[in-house]
Amino acid sequence: MTEMSRTLQIISIQHELAMHIGLDLNLDKMLQLFLDRAKKRLSLRRAVVFKEAPRAGKENDLLCYPYDHRSDEVNDWLVEQVYQFNQLDMMTFCHKKGQSFFYLFKIPHFGAISFERRIQPIDDIVLHALLPLFERLAVSCQACLEHQKLVDEIKNRKAIEEQLRRQTYQDVLTGLPNRKMLSINLQSLLINVQQRGQFGAVFFIDLDRFKLINDTLGHSVGDELLINITSQLKTCIRRDDTLARVGGDEFILLLSNIGSDEQSAVTRATKVADKMLDITRESIELSHCSVYTSFSIGIALFPSPELSANLTIGEQAKHLIKHADVAMYKIKHTSRNGYMFYRQELQVMSAFRSSVEQRLHITLREQLFSLYFQPLVDVDGKVVAAEALIRWHDETLGWVGPQDFIPVAEESGLIVDIGLWVLRHTCELIAQNRDWFDSGKLRYISVNISPRQFSQAHFVEQILAVIDEYNISHSSLRLEITEGVAMENITTAISIMNALAAHNLHFMLDDFGSGYSSLSYLHKLPLKSVKIDRSFVAKIDQSADNQVIVEAIIYISRHFSLECVVEGVETLEERAYFSDKGVAAIQGFHFFKPQPESAFVALINAIH
Amino acid sequence: MAVFTDVRFTSDVTVQALAESVSLLMSSNPKGIMLLCTDEAASWGETFNLWVNKLKVPIFGGVFPGLIVNSRFEPKGILAVGLANDIHVSVIENISNISPHSVNVSLTSSSVHSVVIMVDALSRQIDGYLQQVLYSLSDDCCVFGGGAGTLAFHPQPCLFSPKGMHQDAMLLVEMTTEWDLAVGHGWEVLAGPYLANKVDDNRIVELNFESADKLYQRVVEEHSSLLFDEHDFFDIAKTFPFGLARLDDTVLIRDPIKVDEKGLICAGDIPENTMLYIMRGDAQKLISAASGAVRNTLVNMISTQHMGDCILFDCVSRQLFLRDEFTRELQQIHAELGQHHRLVGGLVLGEIALDESGILSLHNKTAVTALARVNAEERVR
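Thresholds, definitions, all that
Residues numbered from 1 in each chain as written. Chains lettered and ligands numbered in written order. Predicted model: local features only at pLDDT ≥ 70, side-chain atom pairs only at ≥ 80, totals over all residues. Helix = DSSP H or I, 4+ residues; strand = E, 2+ residues; numbered from the N terminus. Buried ≥ 20, exposed ≤ 12 C-beta atoms within 10 Å, placed from the backbone. Pairing = 2+ DSSP bridges. Axes fitted to C-alpha atoms, helices over the stretch in contact; angles between N-to-C directions. Contact = placed C-beta atoms within 7 Å. Nonpolar A, V, L, I, M, F, W, Y, C, P; charged D, E, K, R; others polar. Parallel < 35°, antiparallel > 145°, perpendicular 65-115°, else oblique. Left-handed = near helix turned anticlockwise from the far one by under 90°. Expected span 1.5 Å × (residues − 1). Arc of directions from axis to C-beta. Core = buried A, V, L, I, M, F, W, Y, C linked by C-beta atoms within 7 Å. Domains from an automatic or database assignment. Bend = angle between axes of the 7 residues up to and from the residue. pLDDT = per-residue confidence, 0-100.

### Quick word on the overall build of chain A
Stage number 1. Of regular secondary structure, chain A possesses 22 helices and 23 strands.
Stage number 2. Residue burial in chain A is summarised as follows: out of 608 residues, 36% are buried.

Now the structure itself:
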């Protein structure tokens, strides 16, 4: 080759390799492109880049490209040579091993590169021509590293933004949209509905008895149940629908495009609701147990004539959710395990409910309740005991029946103070009329204990404290609880009842037969008496089925040495039926209606 | 022990003829079969697949424009060669579309001494896959082979393996046989070098910042009496290939096979910013180079080693250039080997060879002769 040709060759090598530096911002790819070209152009057996970086488990602090660098005798030797070379103050070095020549070059501030050529060495003139290229390669490597750093920073920032977004709009436990996200989606849906002329629906879904499951089986089971329910609810909906978790055991579902008229929308919404209820027909299998639960679902359709056009979209959204909530409340406090479509009268009821709650606060503060008493009689009609019953006449609302204000009081928690007021007032009456009990005119007066009261942390101590305050005989007072209260948590109930029974304070099981108690528990509860529910007593003389049930209850009570009290006797025929059944007492309008305290006092005082 | 247990040639290119040839071949107890066929075999399809499923030894091979049997050139036929040593055949499919870096190419055994590669000549990314194969090789492993297909340049199945026929694929045939390679082309520098400043894979767009086809046309017409306007492009271009200068002063040939409005299309990739020469050749120099390479290889064989059978992958472009003189090339190569040595092979579209520097390249217009290495005490005829 002539000198001119040689010069041209050197220049072309430099040019060709230089043009193959920096062809990509990804470091691996950039180096791969350069190495591939170098191998071809310089007739190399192998070309490897080594980066200065800590390497786990190795003494040498060099990584190498390509990453799948094999560990064998030659490669391990080469790594050691490169490591030694890196410590030297030289830009290039050559090793001969067997038939191969290994040329090492430094890549400043990055690492080193090794070219392996077999049989024939590379001319010094060519080697010299390569040196400037590695300065350029070093710059390109740094650019790639900076670029990668930037890419990583952007990636991290996006990840943080995504996490923040999730935290802002997502429920942590279930991954569902949270209330904020739901509100955004609902408002968007309301706008679309106006434009498209399609109906939509808001479902307010409440998990029945969730608090009981959480309290008895633990929060981890409760969480698992919620996650399980979430995945099952998702199977009931379409991708465009929004299912959100808005509270402990509360979900809201937004259905869009479910029909161009109300009837179709109702049909479609009903199908979805039925599908959801099917989820809880069987028990839910969790990791370590299976639980029974159900849904109470309130449904509000939109567009709705009740949503005034004067309302903003945000206000309309709030009203819709409220409507669905009202419907859910209604179903939850009637039958549970079902669904109800919102209608205007529910709103009225809800408004009434809010008023009741407001007025209850005032009444409790002003102590404006009244206590009525309904006497219990024996089969001969002689008064033997009485039940204390709260009555309320409000100056704004008028007479408000217990069936209306007791549930409100229970839900709002006011029932605890109301129950305490009833207890204190009854104890006061007993204390003022000890002679009734001493003389045997009355055996006891009973007070009703609500579920909320019963589950209070210091219920036992509170009862005993009040009794001690009025210094009354424990046997003159009895506590009535419903089946539901006892069965909600049977173990706790037994414990509470035993604690009070130890102080000669006894319990009566009210409305027996109307709930879902297991008869096997009946003998475990430390009861004094059971009160047969009115539903079995009404027209018993004409109902053979009820007769069988009632006689069974009487038989069981007798077997367990429990007093049997019959509630709700209103006719002569009903009285006649029980005349020879050996019941301990009878209660009902046929004998006495609940009476104001003054009338009751006068009644008892008149007994000889 | 000879490397070939038997060699069977028939000019009838049908699966039935193949079955009969192989049936006769099997009586020599081969451990594998190399099958080289001409164009007509490309249409065998399912018939071949059904036949090969029943074969009890591994088979590999391809469809080529012509076959070589000793010093004879056969434009049509089936050449079945029984192999005495174990082989392992693997197939890499869909090589044009799957990145070579995403495929794990690895040899099955550490006792592999050589790898024969056959590839669909119309596939892309051939060079990338060759580099992946190179990376998995041990230092003393020999690699050679060629591109399969027909001069119609029509995509169709052109490779044989135990699984059937393949296209857009690469066959890797691992062997325990050791080979020495003789690689020679005989083309000489006519003009240049020129900077290939703009390239698109195998298309040269610009040379020295000028339209590549214009520069090429001007230089070639200056040095020959032929005008491109009056002849088919390849009729002239086959005499004036490009050459890539390498550091060891060898030249890698690149065959310009077509010209279009975008540039010159070559058989094989052209790296951008490389220096290219325009080459020329004549029949005598080409033939001398091919046979001379064989001679040099024989001379370099160490005394304890001897040559056995041989495989020749000769570029179809050389046959098209040499025409009647091509038989003389075969005769001279065979003469160097010795008439008592068997020489089989085919015309290939691109030649694959690992040179002594350890570079695995796809060559054009080159003759690659593989000489099987046998020890003196093993040499039996």
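What follows picks up the thread again.
### Focus: the sheet that holds strand β10 (residues 159-161) of chain B
Residue and element names in this part refer to chain B.
Stage number 1. Strand order in the open sheet made by the six strands is β1-β6-β2-β3-β10-β11, with mixed pairing throughout. Among the strands making up the open sheet, the edge pair consists of β1 (4-10) and β11 (164-166). Neighbour-to-neighbour, the strand axes of the sheet open up by a mean angle of 15°, direction not taken into account.
Stage number 2. Bridging between β1 and strand β6 (residues 78-83) involves six bridges; their strand directions are antiparallel. Bridge pairing links Phe-4 to Leu-83 in β6.

### Some details on the interface of chain B and chain A
Stage number 1. Each partner contributes residues to the interface: chain B has 16 residues there, and chain A has 19 residues.
Stage number 2. Classifying every residue of the side of chain B that touches chain A by side-chain character gives six nonpolar, five polar and five charged.

### Looking at the pairing of strand β1 (residues 46-52) of chain A
All names here are of chain A.
Stage number 1. Within β1, five of the seven residues are buried, which leaves it mostly tucked inside the rest of the structure.
Stage number 2. Relative to strand β5 (residues 111-118), β1 runs antiparallel, the two being bridged by six bridges. Counterpart to Val-48 in the pairing with β5 is Ser-114.

### Considering the packing of helix α6 (residues 210-217) of chain A against helix α7 (residues 219-234) of chain A
Residues and elements named next belong to chain A.
Stage number 1. At a closest axis distance of 6 Å, the pairing of α6 and α7 adopts a crossing angle of 140°. Here α6 is positioned oblique relative to α7, judged by the angle of their axes. Residue-level inspection shows Phe-210, Ile-213, Asn-214 and Leu-217 of α6 in contact with α7, the latter providing His-219, Val-221, Gly-222 and Leu-225.
Stage number 2. Its residues placed into classes, the contact of α6 with α7 shows five nonpolar, three polar and no charged.

### Notes on the packing of helix α1 (residues 3-18) of chain A against helix α4 (residues 124-169) of chain A
Residues and elements named next belong to chain A.
Stage number 1. Two elements in contact, α1 and α4, have axes separated by 10 Å at closest approach and are oriented at 25°. With respect to their mutual orientation, α1 and α4 come out roughly parallel. Where α1 crosses over α4, the handedness of that crossing is right-handed. Within the contact between the two elements, α1 uses Ile-10, Ile-13, Gln-14, Leu-17 and Ala-18 and α4 uses Ile-125, Val-126, Ala-129, Leu-133 and Arg-136.

### Points about helix α17 (residues 490-501) of chain A
Along an α-helix, a turn takes 3.6 residues, which lines up residues three or four apart on a common side.
Residues and elements named next belong to chain A.
Stage number 1. For α17, spanning 12 residues, the distance from its first C-alpha to its last is 16 Å, which sits close to the expected 16 Å at 1.5 Å a residue.
Stage number 2. Here α17 has its buried residues at Ala-493, Ile-496 and Met-497. End-on view of α17: buried residues confined to an arc of 95°, all on one side of the axis. Those residues of α17 that are exposed and angled more than 90 degrees off the buried face are Thr-491, Ser-495 and Asn-498.

### Description of the sheet that holds strand β8 (residues 250-255) of chain A
All names here are of chain A.
Stage number 1. What the five strands build is an open sheet, ordered β7-β8-β6-β11-β12; its pairing is mixed. Two strands close off the open sheet at either side, each with one partner strand: β7 (242-245) and β12 (338-341). Within this sheet the neighbouring strands show an average axis-to-axis angle of 20°, counted without direction.
Stage number 2. In the sheet, strand β6 (residues 200-207) pairs with β8 via six bridges, with the strands oriented antiparallel. Bridged to Ala-201 within β8 is Leu-255.
Stage number 3. Of the strands in this sheet, β6, β7, β8 and β11 (295-302) are in contact with helix α5 (residues 179-196), which crosses β7 at around 150°.
Stage number 4. In this fold helix α9 (residues 313-332) packs onto β6, β8, β11 and β12, with an angle of close to 145° to the strand it touches most, β11.

### Digging into the nonpolar core
Stage number 1. Counting 122 residues, the largest nonpolar core has B:Ile33, B:Ile117, B:Val133, B:Val143, B:Phe144, B:Met170 and B:Leu171 as the members making the most contacts within it.
Stage number 2. Composition of this core by domain shows at least three residues from each of domain 1 (4-184 + 285-378) and domain 2 (194-272) of chain B.
Stage number 3. In this structure B:Phe144 touches B:Val116, B:Trp179, B:Leu181, B:Phe313, B:Ile352, B:Ala353, B:Leu354, B:Val368 and B:Ala370, once residues within four positions along its chain are discounted.
Stage number 4. Judged by nonpolar contacts, the second largest core, of 70 residues, contains A:Phe405, A:Trp436, A:Leu442 and A:Leu505.

### Here we look at the environment of A:Val193
Residue and element names in this part refer to chain A.
Stage number 1. Inspection of the secondary structure assignment puts Val-193 in helix α5.
Stage number 2. You can call Val-193 partly exposed: it has 16 C-beta atoms within 10 Å.
Stage number 3. Expressed as a C-alpha distance, the spacing of Val-193 and Ser-256, which sit 63 residues apart in the sequence, is 8.1 Å.
Stage number 4. Apart from residues no more than four positions distant in its own chain, Val-193 is found in contact with Gln-198, Gly-200, Phe-302 and Pro-303.

### Considering the environment of B:Glu221
Residue and element names in this part refer to chain B.
Stage number 1. Turning to its location among the elements, Glu-221 is positioned in helix α4 (residues 212-223).
Stage number 2. Each C-alpha atom, one on Glu-221 and one on Ile-236, is 9.3 Å from the other, the two residues being 15 residues apart in sequence.
Stage number 3. The residues contacting Glu-221, other than those within four sequence positions of it, are Leu-227 and Phe-228.

### Side note on the pairing of β6(A)
Stage number 1. For β6(A), the tally of buried residues reaches eight of eight residues, placing the bulk of the element in the interior.
Stage number 2. Alternating positions in β6(A) separate into two faces, A:Gly200, A:Val202, A:Phe204 and A:Asp206 on one and A:Ala201, A:Phe203, A:Ile205 and A:Leu207 on the other, with burial throughout.

### Regarding unusual backbone geometry
A negative phi angle is the norm for most residues apart from glycine, just as the trans form is the norm for most peptide bonds.
Stage number 1. Following A:Phe302, the chain continues to A:Pro303 via a peptide bond in cis, the omega torsion being 5°.
Stage number 2. Along the polypeptide, A:Pro303 turns up in the loop between β11 and α9.
Stage number 3. At the junction of B:Gly192 and B:Pro193, the peptide bond is cis and its omega measures out at 10° in the coordinates.
Stage number 4. As for its placement among the helices and strands, B:Pro193 is situated in strand β14 (residues 188-195).
Stage number 5. In this model, A:His109 sits at a positive phi of 60°, which is unusual for a non-glycine residue.
Stage number 6. Its identity as a non-glycine residue notwithstanding, A:Asn504 has a phi of 60°, on the positive side.
Stage number 7. Since 11 C-beta atoms lie within 10 Å of it, A:Asn504 is described here as exposed.

### Describing the environment of B:Gln217
Stage number 1. Mapping B:Gln217 onto the fold places it in helix α4.
Stage number 2. Between the C-alpha atoms of B:Gln217 and B:Phe228, which are 11 residues apart in sequence, the distance is 7.1 Å.

### Digging into α4(A)
Residues and elements named next belong to chain A.
Stage number 1. Between its first and last C-alpha atoms α4 spans 66 Å; for 46 residues at 1.5 Å apiece the expected length is 68 Å, and the two agree.
Stage number 2. Helix geometry: α4 is bent most strongly at Pro-132, by close to 25°.
Stage number 3. Burial in α4 covers these residues: Leu-130, Leu-133, Phe-134, Leu-137, Ser-140, Cys-141 and Cys-144.
Stage number 4. Here the buried face of α4 lies against α1, α2 (27-41), β4 (100-107) and β5.

### Describing the confidence of the model for chain B
Stage number 1. Mean pLDDT over chain B stands at 89; residues scoring 70 or higher make up 97%.
Stage number 2. On the interface metric, ipTM, the complex scores 0.80, and its pTM is 0.60.

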